[in-house]
Every structure is written in structure tokens, then in C-alpha cells.
Amino acid sequence: MSILRRLLGTEQRNVSGGQWLSDKPAESSAGVQLNQQNATSIGALYAAVKLYADTVASLPVGAFIRDGGVRRPVTRPLWIDRPIPANPNYTGFQFRHAVVSSLLLDGNAFILFLTDRLGDVVETRVLDPQKVEIRMDEMGAPIYIVSTGDTAFSVGPDQMVHIPLFATAGTMRGMSPVEHHRTTLGLASATQLYAAKFYENGAAPSAVIKVPGELTQDVADSLRASFSRRHEGVEKMHKIAVLTGGADFQQMSAKISDMQLVETMHWGVESIARIYGVPLHLLQYPGGNTSYSSVEVISIEWLRLGLGPLIARIEAGLQRLIVGQTTFIKFNIDGLLRPTTKERMDSYAVALNSGILNLNEVRALEDRPPLPEGGDEFWKPLNIGTVTKAPGE
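Please read these numbers as outputs of a predicted model, since none were measured by experiment.

Visitor: When you look at helix α2 (residues 43-58) in this model, what are you seeing that I'm missing?
Guide: In an α-helix, one full turn covers 3.6 residues, which means residues spaced three or four apart are oriented alike. Along its 16 residues, α2 runs 22 Å from first to last C-alpha, staying within 8% of the 22 Å computed at 1.5 Å per residue. Listed in full, the buried residues belonging to α2 are Ala44, Leu45, Ala48, Val49, Tyr52, Ala53, Thr55, Val56 and Ala57.

Here it is as C-alpha cells:
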């Protein structure tokens, strides 16, 4: 029995199929139809969304409680690793990946959850945001209308987690990056399609063959088909053409260098990187005036200013799926900032000599077992003390 059926104390009714249920792509100003499904055919957009989704989904995540200002781990909720108990193949990685992908494509993530009699979450599902409509009741509380084929079910906020990516004042639904930037993304998609057609048609897409005298329609069609068969396509481009009978070939289109097609494609990558806040080198963008040191600094800035706010937004939304006022979900991004072995050893030495960490804590950070004796002792330099005591006291 599906989670929707098990949640039903809700009304069921037919849906006429409004705009929020439509899967038909909307046409951009560039003449290309775009929606959340086919927008990932743009290489740079696919790479940006996959980068965020893979990174967040692969981060360690756990449950903690705030005790006197100190963060302490608590029992890990089962739904973190097995969101759908009936489907062991659906992992926590896929759950988090779906949340991030939904946010970056639609601007919203809707998580339907089921609790047991004790209030603990036992099942979670990431819904297709295109199948969810948000309405308000008389008290101002949100009601989520979930479409399932020809019917729809209304779900209250006690059974739904809604995480918007970017919502303006007075609106509850997040703004879709694909819809809001349809013109920019449409131009990138149109450029990509144009380049493909350019080479499909032999890099000479528009030309005229002039023949003296009058030709019947059948002869003209046969001449055009014969010429296209011999010279269209990448494999046949630049082959020598032989025209007889006074025929003359005249190219009507511009060369690819004159159209600045490559520059336009690069502009599309830069625009998508700007929309999603991804450094160009992480999208495999060629060239650029960046050195190794500057790339390292830019990557750290992306972790802080790009990935960090996204993770904070997801953590705030998942807060509702764990019981307790001081209990919370936390992603661990330390692995992404992990320095080289020498840098780690140097920092551990400073922490040990300053009494910040003990040996067992350092060994735990390196995934090593604790020492049998003396590992929990804290060190401090013997040549320093408090300002109120003389040395040696």
C-alpha cells in the first residue's frame, strides 16, 4: 500500500489538469521548448545540477542534540539510510540526490512523510514538484494538493516538508530557475541544437545550385538529393564536388567562424555557472586566467557561499523529520575541506600542544582506533601558565 493511500484521512477528488500539472514544455524566446525534464539536455546545466546533487548526497549526515552548547550525537533515524523501508534499493543517497535535483530544477522540494504512533518518521518520499500545488486554508495554513494520475489528494503540513530554493515575500512556492531563466537557458539550448544541425548538414547548411535553363520538379529534387547524399554530414564535409552542364554552386550561409558559434556556446556555460553559482573550472570550462592557487581559493568560496547555504536550507527543512526541540540533522562537510597529509599533521600538532584535542580524538579523525592507555589525556606546554600564577606553581 502506497504512502499516499496510508495517509488518507484526506479527501479524494478528480483533477481537471491545470497548469501546475502540465508536462508540456513552455517555449523560450529562442524558439526552444524547455521544462525541468529536458533542460538537463543542456550540458552545463546538467553538470551544475549533478555537481550539487552528487556532492550533497555523498556527505556524511547524522542526528545530534544540543546539550549545554555542545553538540552530541544521538541515535541515527532509520529514514536517513532507508527512506522507503519497503524498497531496500532506494538508498539515502538517492533520497538526498532527489531533494537537491528537485530544488535546482523546479525550485521546490516536497517530502511526504509517514510517522508511527510515537511520532517517529518511518517513511519519506520525494515527490515530483510538478505534481504538487500549494493552497491556503482559512487560517493561512498550507494545503498541498498531490496529483496521482486522474485523482488528487490533499495533504496537510503535518505530513509534508516543503523546502523552497528562492521564494519572494508573499509567495510560498519557490521560483523555478528553469522557468525564471528560460530565455537564457533557451538561448544555450538553441545554440547547442544549431551547432548540431550545422554539422549534420555538412557545415554548409544553406546553398544554391544554379543550373542554366529550366528544370522539372523531379529533376530538381533528384539533383538536390544527389548533392546532399554526397556532401551532407560531418564525415562527408570538405569533399570535392564536381558540377557539370554549366551548374554553379553558391553558398548562402555564413561560416562558423563568422557566426561566433563557439563564443556563444561559451557564453551559455558562463551564464549557467552564474545562475547556479558554480565556479567555471568545476564545469570543465576550458581556458580562463586561473592559477592553481586561485582555483583552490575559488573552490573554497564555492563550498562556503554556494554549497553551504544550500545545505543549511536542506538541514532546516529536514529538522521537522526528527523528534525533539534541541535535536537536529547535520551534514558534515569537513571531508570536502580535508587538507593534505602534511597539513593535517601540522594542524593536529598545534591542537595537541595547545590542549584543544587529545590523542584519541586525533586518531578518531583519522579513522584509527583509540590507544589503550593515555589517549584521553590533554597536553599543555610546561613553560606557560595563567597570568595569576608564577611559573612552577
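Visitor: I would appreciate a short explanation of the nonpolar core in the present structure.
Guide: For soluble globular proteins, the rule of thumb is that nonpolar side chains tend to be buried together. Counting 51 residues, the largest nonpolar core has Leu45, Tyr52, Tyr276, Ile314 and Leu318 as the members making the most contacts within it. In this view, Ile314 contacts Val56, Val99, Val100, Leu103, Ile163 and Phe331; residues no more than four positions away in its chain are not counted. In this structure, Leu112, Val132, Ile134 and Val146 belong to the second largest nonpolar core, which totals nine residues.

Visitor: Looking at this model, I keep getting lost on the side chain of Thr124. Mind explaining?
Guide: Residue position: Thr124 is located in strand β7 (residues 121-127). Residues contacting Thr124, with those up to four places away along its chain left out, are Trp79, Pro83, Ile84, Phe95, Ile111, Leu112, Phe113 and Leu321.

Visitor: I would appreciate a short explanation of the environment of His162 in the present structure.
Guide: Tracing the sequence through the fold places His162 in strand β11 (residues 160-164). Judged by its relative accessible area of 16%, His162 is buried. His162 sits 28 residues away from Ile134 along the chain, and the two C-alpha atoms are 9.8 Å apart. A polar atom in the side chain of His162 sits 2.8 Å from the side chain of Asn108.

Visitor: What exactly am I supposed to notice about the packing of α2 against helix α3 (residues 92-106) here?
Guide: In a packed pair of helices, the relevant descriptors are the angle between the two axes and the axis-to-axis distance. α3 packs onto α2 with a crossing angle of 140° between their chain directions and a minimal axis gap of 8 Å. Accordingly, the angle class assigned to the pair α2 and α3 is oblique. Of the two elements, α2 crosses α3, and the hand of that crossing is right-handed. For the pair formed by α2 and α3, the contact residues are Leu45, Val49, Tyr52, Ala53, Asp54, Val56, Ala57 and Ser58 on the first element and Phe93, Arg96, His97, Val100, Ser101, Leu104 and Leu105 on the second. Of the residues assigned to the contact of α2 with α3, the class counts are ten nonpolar, three polar and two charged.

Visitor: Which parts of the structure should I look at to understand the sheet that holds strand β4 (residues 61-67)?
Guide: Strand pairing in a sheet takes place through backbone hydrogen bonds and is either antiparallel or parallel in direction. Spatially, β5-β4-β14 is the arrangement adopted by the three strands of the open sheet, whose pairing is antiparallel. For this open sheet the edge positions go to β5 (70-73) and β14 (327-331), each flanked by a neighbour on one side alone. For this sheet, the mean inter-axis angle between neighbouring strands, taken without regard to orientation, is 45°. Of the pairings in the sheet, the one linking β4 to β5 comprises four bridges and is antiparallel in character. Of the residues in β5, the one forming a bridge with Phe64 is Pro73.

Visitor: Whenever I open this one, helix α8 (residues 261-276) confuses me. Can you help?
Guide: Across its 16 residues, α8 extends 23 Å between first and last C-alpha, which sits within 8% of the 22 Å expected from 1.5 Å per residue. Among the residues making up α8, those that are buried are Leu261, Gly268, Val269, Ser271, Ile272, Ala273 and Tyr276. Where α8 terminates, the next one or two residues include Gly277, which has phi positive at roughly 65°.

What counts as what
- Residues numbered from 1 in each chain as written.
- Predicted model: local features only at pLDDT ≥ 70, side-chain atom pairs only at ≥ 80, totals over all residues.
- Heavy atoms only, no water.
- Helix = DSSP H or I, 4+ residues; strand = E, 2+ residues; numbered from the N terminus.
- Expected span 1.5 Å × (residues − 1).
- Buried < 20%, exposed > 50% of the residue type's maximum accessible area, 1.4 Å probe, protein only.
- Core = buried A, V, L, I, M, F, W, Y, C linked by side-chain atoms within 4.5 Å.
- Contact = heavy atoms within 4.5 Å.
- Polar contact = N/O pair within 3.5 Å; in protein donor to acceptor, adjacent residues only side chain to side chain.
- Axes fitted to C-alpha atoms, helices over the stretch in contact; angles between N-to-C directions.
- Parallel < 35°, antiparallel > 145°, perpendicular 65-115°, else oblique.
- Left-handed = near helix turned anticlockwise from the far one by under 90°.
- Nonpolar A, V, L, I, M, F, W, Y, C, P; charged D, E, K, R; others polar.
- Pairing = 2+ DSSP bridges.

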